[in-house]
Amino acid sequence: MLELNGIKKRFGRIEVLHGVDLRVHAGEVHALLGENGAGKSTLMKILTGILQPSEGTIRIDGAERHFADYDEAIAAGVGIVFQEFSLIPYLDAVENMFLGRELRGRFGLLDRRAMRARAREIMRQLAVDVPLDVPVARLSVAEQQFVEIAKALSLNARILVLDEPTATLTPSEVEHLFAVMRELRRQDVAIIFISHHLEEIFEICDRITVLRDGQFVGSCAVSEVDNDRVVEMMVGRRIESSFPPKPGVDPAAPVVLEAEEVQLRRGGPVSRFELRSGEILGFAGLVGSGRTETVLALLGAYPAARCKVRMDGVEKRFSGPDEGLAHGIGLLPESRKDEGLITSFSILQNVSLNNYGKYRRNHWFIDLRKELDCTTAAMAAVRVKAQGPHARVDTLSGGNQQKVVIARWLNHDMRVLIFDEPTRGIDVGAKAEIYALMRAFTARGHSIITVSSELPEVIGLSDRVCVFRQGGIVATVEGADINSETIMTHATTGRVEHVA
Amino acid sequence: MSHDTVTAPEEKGRGFSPASLLRSPLALPLIGLIVVSCLMGLASDNFFSLNNILNVLRQVSVVGVLAVGMTFVILTGGIDLSVGAVMALVGTLSAGMMVNIGLPAPLALVAGIALGLALGVVNGALVAWGRMPAIIVTLATMGMARGLGLIYSGGYPISGLPSWISWFGIGRIGVIPVPVIMMALIYAVAWVVLQRTAFGRHVYAIGGNETAARLSGVKTRRVQLAVYAISGLTASLAAVILTGRLMSGQPNAGVGFELDAIAAVVLGGTAIAGGRGLILGTLIGAVLLGILNNGLNLMGINPYLQDVIKGFIILLAIYIGRDWR
């Protein structure tokens, strides 16, 4: 029914999809699998007309199609439910379903009755009972998802893409969603299902297609593979040599930071971990598994249900990053542009942002000369390539921007640094430099927690790895156990203990 | 002047060249000031006389001082609508303390200034810790301040102040009016605070990216509290000038001055979303507004029409400067 052949996609000179095939039949649930960054989302954006392929063809029922935009894909019967919903929270389900194409009655007024009837009919077709006249913000996440699916079906979608629909659902809601998917399968809808939870693949899917680094790895029936085989297809075997050698951490090294209990949500899993002097502790897991929230909770920047932290054995409770700073813990946030840098500031102003204590004059004033000297030294230490300390940071490349954030923290005497996605969107050369900087920091007896969605990075960098799943740590591995198969298995099937 | 450009510090140390002056964020406000001055000079022979220029500056001083606090607030991405009402309340209560209670006048002035500061702290606490939008918080406190002043005074001006109070409004040192000197001093202090202290950098940082500032350890709430406190302080300093000029506490004074102050800040090139702008720009913006008022008066234009013309010029100025970086 749906055939994607040899899809290639280039952004500028960088090719992100290297000829991907995907075949989906009517009445089939087809899993699209791959690590973060494997190209799943890009492929789905091409299928739904949001992006155009650089090469390759899309055929529906044998006829070649070109979608200039999302609307044309919808007209051809393709529907997608994004991971981030596109519902308007204050409107009810009916209003959301007919947004922008409201049915009109006499005098051009809204024909609410006709829209309601049509909505109810679709909900019946899905065999779900969703309240139609309360704002969707008051519906559960699962019900909102059903509204999204109903919206796609009201547009006569025959090919439905569900992008990680189960990531935020409870187990019983997942069952409900699967019932809906089975009903749609019975009605000959083709479903492309993206999920990182492998047990779900075996429960609901008929066929799988695996991508890795933008390459087509393979496609087969679910009955032909098992868990290990799927993980192997997803992670492959790659050799990364850009990582500095791990010097090995003395098991007797003192514990600097100890999280006794971190519970993100009431009723969710409770995590504990310790960070030793001189080590890099990796936080691995899928997107949305609670890694970033956990590190933010340590600093009091995320409202966790419980967070008990000891530093050097003394119990501490940080009310915000400013107190973390005072105790020598610094954070390099996930998104440089939105959370890390003041983009309208110069390098100098960004580096000294939280450290004016270092160059004060007469208590109140900034010693501009000293500030310049310190910044120049900090820039040289991390090798920022820029015209000078007064260059605006939004003129820099991603790698240099990240180095500016690193320089900001190295300008202090910090003991613990938390790197959230340290090399996202950075080229290979700059990555290696940042890894070296991280190792140089721990070599002085300091410690690093690094959160990363890139498995090779976690593996190549960390002395120990905590694996997250569904809001908590499911396993901590070290030594030879730090390999992609073990981590991926924990991240996709690890047991989560929910605590009241 | 080139080294005060926090938003474009790469110009530092290059000295004055026409090109660097054009790239400065002050360029557009300055050009506007020159153009409007020349037009007014053509229309009226008196415009460029020393007396008239000093007169314009004296008239500008009240809104000019209000606009200093407003610049701090807007640089963080906030807004303070209460400044006009706070100024009136401070003036009324100070006058009341002198006349009705018999407090020594200097003490009454200091108490008034402390009151303005306290009202600013309330605004700041509600915005920073109460997590409420600044426009709503200050709209509410604007109404409350105005109402309290009217209740206290019964709606009538409070007069009978010691005669030396008028020194703040119409006195002169040499040829220069006292309020102009006060305004200049307040701008100088504000410039130093914004450009030469860590607090000033944090004000810009919060307007540029509050999340990044907070995650890097800046005490963002304290800074927010402080900018509203500064706005309350400058509102009460403006009240001192106004009381001296009117020789009475006027509960109805300063209606709409908050909008003039915002217009001065924006005409001076400060981004309404915060993060970018210069205190000297605000001074230019305030003077620009004052010249418009003065020139239109000298030309004898119908006062109702003056408002229309001013509104049009503000729109035009902001349209020209809209994509300024």
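Residues numbered from 1 in each chain as written. Chains lettered and ligands numbered in written order. Predicted model: local features only at pLDDT ≥ 70, side-chain atom pairs only at ≥ 80, totals over all residues.

1. What about the packing of helix α3 (residues 50-75) of chain B against helix α13 (residues 279-298) of chain B?
Residue and element names in this part refer to chain B.
Right, on to step 1. Between α3 and α13, the shortest axis-to-axis distance is 9 Å and the interhelical angle comes to 145°. As for how α3 packs across α13, the hand of that crossing is right-handed. Contacts between α3 and α13 pair Val56, Gln59, Val60, Val63, Gly64, Ala67, Val68 and Thr71 from the former with Ile279, Thr282, Leu283, Ala286, Val287, Leu289, Gly290, Ile291, Asn293 and Asn294 from the latter.
Right, on to step 2. Each residue belonging to the contact of α3 with α13 can be placed in one class, and the counts come to eleven nonpolar, seven polar and no charged. (Axes fitted to C-alpha atoms, helices over the stretch in contact; angles between N-to-C directions. Helix = DSSP H or I, 4+ residues; strand = E, 2+ residues; numbered from the N terminus. Left-handed = near helix turned anticlockwise from the far one by under 90°. Contact = placed C-beta atoms within 7 Å. Nonpolar A, V, L, I, M, F, W, Y, C, P; charged D, E, K, R; others polar.)

2. Observations concerning helix α17 (residues 484-493) of chain A
Right, on to step 1. Of all the residues in α17 of chain A, the buried ones are Ser484, Ile487, Met488, His490, Ala491 and Thr492 of chain A.
Right, on to step 2. The inward-facing, buried residues of α17 of chain A contact α7 (198-204), α8 (227-235), β13 (280-285), α16 (455-461), β21 (464-469) and β22 (472-478) of chain A. (Buried ≥ 20, exposed ≤ 12 C-beta atoms within 10 Å, placed from the backbone.)

3. Digging into the interface of chain B and chain A
Right, on to step 1. Contacts between the two partners involve 22 residues from chain B and, on the opposite side, 26 residues from chain A.
Right, on to step 2. Elements that contribute at least two residues to the side of chain B that touches chain A include exactly α9 (198-208) and α10 (210-215) of chain B.
Right, on to step 3. Top element by residues in the side of chain B that touches chain A is α10 of chain B. It accounts for five residues.

4. Observations concerning the UniProt feature "transmembrane region" (unreviewed entry) in chain B
Residues and elements named next belong to chain B.
Right, on to step 1. UniProt marks residues 26-48, 60-89, 101-122, 134-152, 164-194, 225-242, 262-292 and 304-321 with the feature "transmembrane region" (unreviewed entry), using the numbering shown here.
Right, on to step 2. As annotated, residues 225-242 has a helix share of 100% and a strand share of 0%, and its two end C-alpha atoms lie 26 Å apart.
Right, on to step 3. Spanning residues 304-321, this segment combines 94% helix with 0% strand, and its end C-alpha atoms are found 27 Å apart. (UniProt positions renumbered as here; feature names shortened; annotations may be inferred.)

5. A few points about the environment of Val121 of chain B
Right, on to step 1. If you trace the backbone, Val121 of chain B turns up in helix α5 (residues 105-128).
Right, on to step 2. The spatial distance from the C-alpha of Val121 of chain B to the C-alpha of Leu233 of chain B is 9.5 Å, given a sequence separation of 112 residues.

6. Some thoughts on the domain arrangement of chain A
A common measure of how large an interface is: the accessible area buried when the components associate.
Residues and elements named next belong to chain A.
Right, on to step 1. Considered domain by domain, chain A is made up of domain 1 (2-235) and domain 2 (255-493).
Right, on to step 2. Here the C-alpha centroids of domain 1 and domain 2 sit 35 Å apart.
Right, on to step 3. Taken residue by residue, the interface counts 13 residues in domain 1 and twelve residues in domain 2.
Right, on to step 4. Only α7 and α8 provide two or more residues apiece to the side of domain 1 that touches domain 2.
Right, on to step 5. Per element, the largest residue contribution to the side of domain 1 that touches domain 2 is five residues, and it comes from α8.
Right, on to step 6. Of the residues assigned to the side of domain 1 that touches domain 2, the class counts are five nonpolar, five polar and three charged. (Domains from an automatic or database assignment.)

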